[in-house]
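# Architecture at a glance
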Amino acid sequence: MATPYLLFVTPEGEILEEPRLQALSFGDRPLKESDLIPLPDGVTLSMMPDRLAVGQKRSGVRQVVPQSRGWAVAALLPIGYTRTLLPAYEKVPDTEPLPFFGYSAVAGMNGKLYVAAVKTDEVRKWHPRAFNRQKLERLVHEKQAAYPQNRIIGQHAHCALDYSCPTASNLFFERWEMAIAVSPGCNARCVGCISKQEEEELISPQDRLTFIPTVDEIVEVAQSHLEQAEDAIVSFGQGCEGEPLLQWPRIGKAIKALRQKTDRGIININTNGSNPRWLQHLYDAGLDTIRVSTISGHPETYNAYYRPIGYTFDDVKESLRRAAASGLYSSINLLSFPGLIDREREVEALLALARDTNLRLIQLRNLNIDPEVFLPRMPDFSTMGKALGMRKLIQILKQELPDVEIGNFSRPVARATSAAPAAQANG
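Structure report, in brief. Note that the structure is predicted; figures quoted are calculated from it, not measured.

Parameters and conventions
- Residues numbered from 1 in each chain as written.
- Predicted model: local features only at pLDDT ≥ 70, side-chain atom pairs only at ≥ 80, totals over all residues.
- Heavy atoms only, no water.
- Helix = DSSP H or I, 4+ residues; strand = E, 2+ residues; numbered from the N terminus.
- Buried < 20%, exposed > 50% of the residue type's maximum accessible area, 1.4 Å probe, protein only.
- Contact = heavy atoms within 4.5 Å.
- Areas by Shrake-Rupley, 256 points an atom, 1.4 Å probe, with all protein chains shown as cover.
- Lys, Arg positive; Asp, Glu negative; His and termini not counted.
- Charge placed at Lys NZ, Arg CZ, Asp CG, Glu CD.
- Pairing = 2+ DSSP bridges.
- Axes fitted to C-alpha atoms, helices over the stretch in contact; angles between N-to-C directions.
- Salt bridge = Lys/Arg side-chain N within 4 Å of Asp/Glu carboxyl O.
- Disulfide = S-S within 2.5 Å.

### Things to note about the overall build of the protein
- Along its length, the protein carries 11 helices and 22 strands.
- For the protein, the spread of C-alpha atoms along the three principal axes comes to 70 × 45 × 40 Å.
- The burial tally for the protein puts 58% of its 427 residues in the buried class.
- Counting contacts in the protein only where the partners sit at least 6 residues apart, residues at least 24 apart contribute 77% of the total.
- Total accessible area on the protein is roughly 18,000 Å²; 48% of this is exposed by carbon and sulfur atoms.
- Side-chain charges in the protein split into 48 positive and 50 negative, and the spacing between the mean points of these groups amounts to 3 Å.

### Digging into the side chain of Thr120
- The topology assignment puts Thr120 in the loop between strand 15 (117-119) and helix 1 (133-146).
- Classification of Thr120 as buried rests on a relative accessible area of 14%.
- Apart from the residues within four sequence positions on either side, Thr120 is in contact with Gly80, Tyr81, Thr82, Leu364, Ile394, Ile406, Gly407 and Asn408.

### Points about unusual backbone geometry
- Phi is positive for Ser164, close to 55°, though the residue is something other than glycine.
- Of note, Ser164 is situated in the loop between helix 2 (151-163) and helix 3 (166-173).

### Considerations on the sheet that holds strand 19 (residues 289-294)
- Taken in spatial order, the seven strands make up an open sheet running 16-17-18-19-20-21-22, and their pairing is parallel. The open sheet has two edge strands with one neighbour each: strand 16 (177-180) and strand 22 (405-407). With direction set aside, neighbouring strand axes in the sheet form an average angle of 25°.
- Pairing analysis gives four bridges linking strand 16 to strand 17 (residues 233-236), with the strands arranged parallel. Bridge pairing in strand 17 links Glu177 to Ile233.
- Those strands touched by helix 4 (residues 215-228) are strand 16, strand 17 and strand 18 (266-271), and its axis lies near 175° from that of strand 16.

### Topic: the pattern of salt bridges
- Here the structure, examined in full by the defined rule, presents 23 salt bridges.
- Between Glu18 and Arg69 there is a salt bridge, with the nearest N and O atoms lying 3.3 Å from each other. Of this pair, Glu18 sits in strand 2 (residues 15-25) while Arg69 sits in the loop between strand 8 (62-64) and strand 9 (71-76), and the two are 51 residues apart along the sequence.
- Accessibility expressed as a relative area gives 4% for Glu18, which makes it buried.
- Between Glu318 and Arg321 there is a salt bridge, and its shortest N-O distance comes to 3.1 Å. With Glu318 and Arg321 both in helix 8 (residues 313-325), this residue pair falls three residues apart, about one helical turn.
- In this structure, a network of salt bridges that share partners links the residues Glu318, Arg321, Arg322 and Asp356.

### A few points about the state of the cysteines
- By the definition in use, this model includes zero disulfides.
- Looking at the unpaired Cys240, the closest cysteine sulfur is the one in Cys159, lying at 3.7 Å.
- Cys240 gets classed as buried once you look at its relative accessible area, which sits at 3%.

Take a look at the structure:
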């Protein structure tokens, strides 16, 4: 068995090897060959500013690489891969939090680069190769010229070009899952929110939506996509907005208007699931699929991260139960942090949530956050049993929930019940 060795990045941005030091993961756990896969296509290697690289000598002694040589390095995984271990580092005192990325442990072996991850979904529709920049710029220009007054198109032009958002880009490529942002407000204060932070030292990587679109704007953007796009999904609830449910009357009117015009394609909502009654209106209007965001199946962990305003975790579960009863294809967007979600208590709670709500899909999502911002805000891990590891978690989910898909992306699945509105049929 080969021993993974330390990588670090120089001040000039060059990735260097330190074969004399064994690579470590967060918590100074030595990396093993079995923890790693070859660096996948589409990965980005990232310097971790003000974080010193650390490794382990053959004697078992921990050694810090001097700042003069460079910083710790991590991998930012492409969508479709799930992180299994975080990188080790030593933080320089009194420095800023890390940017909001999903840092994964990396190492070298036999002159090649490896990462602590597993492939968990088919990546064709989400690979950077599928989003040609030159073509995207041309399509954005054409769409904005054709619909100069539609603010949704303007918003997602910004998201596609400035943030490389796949679902925003698909609006212009006219294919697959397409974004529609509708809500500048939110009823949660997520620790890792990427569009609005209350704490001064935490800087969101994206700008929050600043307007509420009209029903006509929504329908204008969504109708042609539903009618013409391959594997068409129109999704409310995007990273550039707050909680879409706060605009449920507007979304409901838009869904009804769209279903009067076409029965093709899938209408989806990405939501925190905070109000079952509001969601029931959307189910009745013709919503096909729902993805509810959570970090856990346990209310203590959920509340620590989401810090909900005016709702409880029981409301979230009831929203998912009603979705299943209404025939929707329901999923959760499981924010995954190795060392938390794979702990015994969390695994048991996640299994109970899936069974209680008749989930169809668990979408694993690498949580983008600085570990030292995240960990102090979470419950005491020592009360949650031992960490089983992300690979073991995925294995348990597949064994214990054979009827639940495990992946990373939403599926274009129409409602499966005759109780759906008459105009709603498989697209």
